[in-house]
Amino acid sequence: MFLQQRIAELSNQIKGQGNPDVKIPPMQNLLMAALKNEWETALLTSHWVTNETNADFRICLARLAGDEARHFSLIENRLKEIGGNKNEEELNKRTPLFHYLFKQTTTFDRAVTGPYAREALAVMRNEVFLEHCQKIKDMATIEIYETIQKDEAHHHQLGRLLLGDLIKTPQDYENAKTKITEVLNVIDEIQEMAVMKMGICRLPGC
């Protein structure tokens, strides 16, 4: 409930509401942003796999890394179809969110901030992006993102199930709320910068 409430607060920013100067970038730009998200998530989860101590979570992370890599290929192919190409220089710039998540070392903190919180936001961002695709009748991109969206929802559910085992006390719950707040604050700053400073909205998730 706490996570969903916070994400709902971010949704207006993601939709660009309340900013008269907001603009929706061309599809090539949106898909390039999506590529970067998938790339960073694949890199992050691959890193976590190498030193995660919880065997069940390690398997989940390996699944996530593979899914994100597949999403990257789907989006890259679609980007090429509409005349775009991935920007290698941009892909290899790490975002503040990546740096924050990279520093998470415990199973608990990783599960909260990654599959649970970040993937929940990805689902919502992709819903907004899909609405945009439907409005402009981009059926090819819709088909891709319907597939991606199923995976992202599954990733979030994996995080939810894992936390069901990890949260055992009221203090654990408070610790989870703290980590959710931290990661969403980082995301909020990134999204606010995109919408308020550059006037960009409807960016897909990962």
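Residues numbered from 1 in each chain as written. Predicted model: local features only at pLDDT ≥ 70, side-chain atom pairs only at ≥ 80, totals over all residues. Heavy atoms only, no water.

K.L.:
Even after reading the chapter, I still don't get the pattern of salt bridges, so can you show me in this structure?
P.N.:
Side chains bearing opposite charge may pair, as long as their charged atoms lie close to each other. Here the structure, examined in full by the defined rule, presents 13 salt bridges. Here aspartate 151 ties to arginine 70 by a salt bridge, and the two come within 2.4 Å at their closest N and O atoms. Of this pair, aspartate 151 sits in helix 7 (residues 139-166) while arginine 70 is found in helix 3 (residues 55-81), placing the two residues 81 residues apart along the sequence. What emerges from the salt-bridge pattern is a single network uniting Arg63, Asp67, Arg70 and Asp151. (Salt bridge = Lys/Arg side-chain N within 4 Å of Asp/Glu carboxyl O. Helix = DSSP H or I, 4+ residues; strand = E, 2+ residues; numbered from the N terminus.)

K.L.:
Sorry if this is basic, but what is going on with the nonpolar core here?
P.N.:
General note: in soluble globular proteins, nonpolar side chains tend to be found buried as a group. Counting residues in each nonpolar core, the largest one holds 28 residues, and the members touching the most others are Leu3, Leu101, Val183, Leu184 and Ile187. Secondary-structure elements contributing two or more residues to this core are helix 1 (2-15), helix 2 (27-51), helix 3, helix 5 (96-102), helix 6 (107-135), helix 7 and helix 8 (170-197). The biggest single contributor to this core is helix 6, with nine residues. Grouped together as the second largest cluster of nonpolar side chains are 17 residues, Leu91, Phe129, Ile142 and Tyr145 included. (Core = buried A, V, L, I, M, F, W, Y, C linked by side-chain atoms within 4.5 Å. Buried < 20%, exposed > 50% of the residue type's maximum accessible area, 1.4 Å probe, protein only.)

K.L.:
For this particular structure, what's the right way to read the packing of helix 3 against helix 6?
P.N.:
Interaxial distance between helix 3 and helix 6 falls to 12 Å at its minimum, and their mutual angle equals 35°. Considering only the axes of helix 3 and helix 6, their crossing is left-handed. Facing helix 3, whose interface residues are Phe57, Leu64 and Glu68, helix 6 presents Thr107, Arg110, Ala111, Pro115 and Glu119. Its residues assigned to classes, the contact of helix 3 with helix 6 comprises four nonpolar, one polar and three charged. (Axes fitted to C-alpha atoms, helices over the stretch in contact; angles between N-to-C directions. Left-handed = near helix turned anticlockwise from the far one by under 90°. Contact = heavy atoms within 4.5 Å. Nonpolar A, V, L, I, M, F, W, Y, C, P; charged D, E, K, R; others polar.)

K.L.:
Just to check I follow, could you spell out the environment of lysine 80 for this structure?
P.N.:
Counting through the fold element by element, lysine 80 comes out in helix 3. A C-alpha to C-alpha distance of 8.9 Å links lysine 80 and glutamine 28, two positions 52 residues apart in sequence.

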